[in-house]
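# Descriptive analysis of the structure
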Amino acid sequence: MNEEQKLTRVAELLASSRNTVVVTGAGISTEAGIPDFRGEKGIYRTLGEHKVTALLNINAFRKRPREFYEFYRRYFLLPQVKPSRAHLLLADLEKKGIIKAVVTQNIDNLHQMAGSQRVIPVHGRADRFLCTGIGCRFESDAGYVRDYPDPVPKCPECGSILRPDVVLFGEPIQNHRLARDTILAAQVLLVIGSSLTVYPLAGFVSEYCTGDRTMIIINKGPTALDYAATLKLDVESTAEVLERIARNLP
Ligand SMILES: [Zn+2]
């Protein structure tokens, strides 16, 4: 099958599916200018995975918040970015009823900003900070933390330390059950920009693939589950391929 035939086939599969669920990873957000932490120039490579998991850890946050925040501020206080064309296209496909939900590993909130309604983030969102004080419900945006006069941001109401609303190493993912149920209930699973190596989400996708299920993968480079894909599109630009698929839809 050549690429044009594949795109036509993807459009057919999406058009005939009653429940298409999209799973997205870092690959879709690099097109919006967000670095892929696990990519070639990402900190997992430059600093080493061991160091990142040791620093970006719930215990490190509790015991050494200053060290945690010095690291976090440097790499994870994301610049203000706008959704990429791919994010906007997915929101549009949801409006048209073609896709039903987006389960995302990304913490950048770009699907929501693009207008997607049913987004299930499993690693939290970096644009929100929560107070760790017991019973305190204060939350802030990233701007408050960026402008805070000390590396360790504190709650203006109770003085406790704020934490990013992202899943740290040593913590369970968010929306575990909802994400798994949503993926397993899909009729067509469309994976975009993920190498499918980060667990437990990759495990949900793997579980979905047991049995004769339809999975389409759009990714730059190989993924851990290419062998299980009905169709695999190895692409430079997710946006371009989504646009071509959208054009092929009835
Ligand atoms: Zn507080």
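The structure displayed is predicted, hence computed values, not measured ones.

This part covers the packing of aromatic side chains. Across all of its chains, the model carries 11 aromatic pairs by this definition. Note on Phe 68 and Tyr 72: the rings are 5.6 Å apart at their centroids and 15° apart in plane angle, and the pair reads as stacked. With a gap of four residues between them, Phe 68 and Tyr 72 both fall in helix α6 (residues 65-75), about one helical turn apart. You'll find Phe 68 and Tyr 72 in the same group, each marked buried. For the ring pair Tyr 69 and Tyr 72, a centre distance of 6.2 Å and an interplane angle of 75° mean the geometry is edge-to-face. Linking Tyr 69 with Tyr 72, this pair stays in helix α6, spanning three residues, or about one helical turn. In this pair, the class of Tyr 69 matches that of Tyr 72, namely buried. Among the aromatic residues, those joined into a cluster by ring pairs are Phe 61, Phe 68, Tyr 69, Phe 71, Tyr 72, Tyr 75, Phe 76 and Phe 129.

Here we take up the coordination of the zinc ion. At the metal site, the zinc ion is ligated by Cys 131 (SG), Cys 136 (SG), Cys 155 (SG) and Cys 158 (SG), and these contacts range over 2.2 to 2.3 Å. The coordination sphere of the zinc ion comprises four donor atoms, whose angles at the metal cover 97 to 117°; the geometry is tetrahedral. Between consecutive donors of the zinc ion, the numbers of intervening residues give the motif C-x4-C-x18-C-x2-C. On the basis of relative accessible area, Cys 158 is assigned to the partly exposed category, the value being 39%.

Time to look at the sheet that holds strand β4 (residues 124-131). Hydrogen bonding along the main chain pairs the strands of a sheet, whether they run parallel or antiparallel. If you walk across this open sheet you meet the three strands as β5-β4-β6, and the pairing is antiparallel. Looking along the sheet, the strands with just one partner apiece sit at the ends: β5 (139-141) and β6 (162-166). Sheet twist, expressed as the average angle between the axes of neighbouring strands with direction ignored, equals 35°. Note that β4 and β5 share three bridges and pair antiparallel. Its bridge partner being in β5, Leu 130 is matched across the sheet by Glu 139. Relative to β6, α6 is tilted by about 50°, and along the sheet it contacts β4 and β6.

Quick look at the pattern of salt bridges now. In this structure the tally under the stated criterion is 15 salt bridges. Residues Glu 67 and Arg 64 are paired through a salt bridge, measuring 2.9 Å at the closest nitrogen-oxygen approach. For Glu 67, a relative accessible area of 37% gives the class partly exposed. The partner of Glu 240 in a salt bridge is Arg 244, with the nearest N and O atoms 3.6 Å apart. Note that Glu 240 and Arg 244 are positioned in helix α12 (residues 238-248) at a spacing of four residues, about one turn of the helix. Within this structure, Glu 3, Glu 4, Glu 240 and Arg 244 form a network of salt bridges that share partners.

The side chains of a regular strand alternate between both faces of the sheet. Pairing of β4 with β6, which is carried by five bridges, proceeds in the antiparallel orientation. From the neighbouring strand, Cys 131 faces β6, where its bridge partner is Leu 162.

Before going further, it helps to spend a moment on the domain arrangement of the chain. For the chain, the assigned domains read domain 1 (1-34 + 82-123 + 173-250) and domain 2 (35-77 + 127-166). On a C-alpha basis, the centroid separation for the pair domain 1 and domain 2 is 28 Å. Buried area between domain 1 and domain 2, both sides added, is near 670 Å², and the carbon and sulfur share of it is 57%. Linking domain 1 with domain 2 are zero salt bridges, by the criterion used here. Joining domain 1 to domain 2, the criterion identifies two residue pairs in polar contact (both at pLDDT 80 or more). Class assignment for the residues of the side of domain 1 that touches domain 2 results in four nonpolar, five polar and no charged.

We now examine α6. Since the α-helix advances by 3.6 residues per turn, residues separated by three or four positions end up pointing in the same direction. Where α6 is concerned, the buried positions are Pro 65, Phe 68, Tyr 69, Phe 71 and Tyr 72. Buried residues of α6 fall within an arc of 165° about the axis and therefore sit on the same side. If you follow the buried residues of α6, they end up packed against α3 (43-46), α4 (49-55), α5 (58-63), β4 and β6.

Calculation rules
Residues numbered from 1 in each chain as written. Predicted model: local features only at pLDDT ≥ 70, side-chain atom pairs only at ≥ 80, totals over all residues. Heavy atoms only, no water. Phe/Tyr/Trp six-rings, centres within 6.5 Å; stacked < 30°, edge-to-face > 60°. Helix = DSSP H or I, 4+ residues; strand = E, 2+ residues; numbered from the N terminus. Buried < 20%, exposed > 50% of the residue type's maximum accessible area, 1.4 Å probe, protein only. Donors = N, O, S within 2.8 Å, 3.2 Å for Na, K, Ca; no water. Tetrahedral: all angles 85-135°; square planar, octahedral: opposite > 155°, others 65-115°. Pairing = 2+ DSSP bridges. Axes fitted to C-alpha atoms, helices over the stretch in contact; angles between N-to-C directions. Contact = heavy atoms within 4.5 Å. Salt bridge = Lys/Arg side-chain N within 4 Å of Asp/Glu carboxyl O. Domains from an automatic or database assignment. Buried area = accessible area lost by both parts, 1.4 Å probe. Polar contact = N/O pair within 3.5 Å; in protein donor to acceptor, adjacent residues only side chain to side chain. Nonpolar A, V, L, I, M, F, W, Y, C, P; charged D, E, K, R; others polar. Arc of directions from axis to C-beta.

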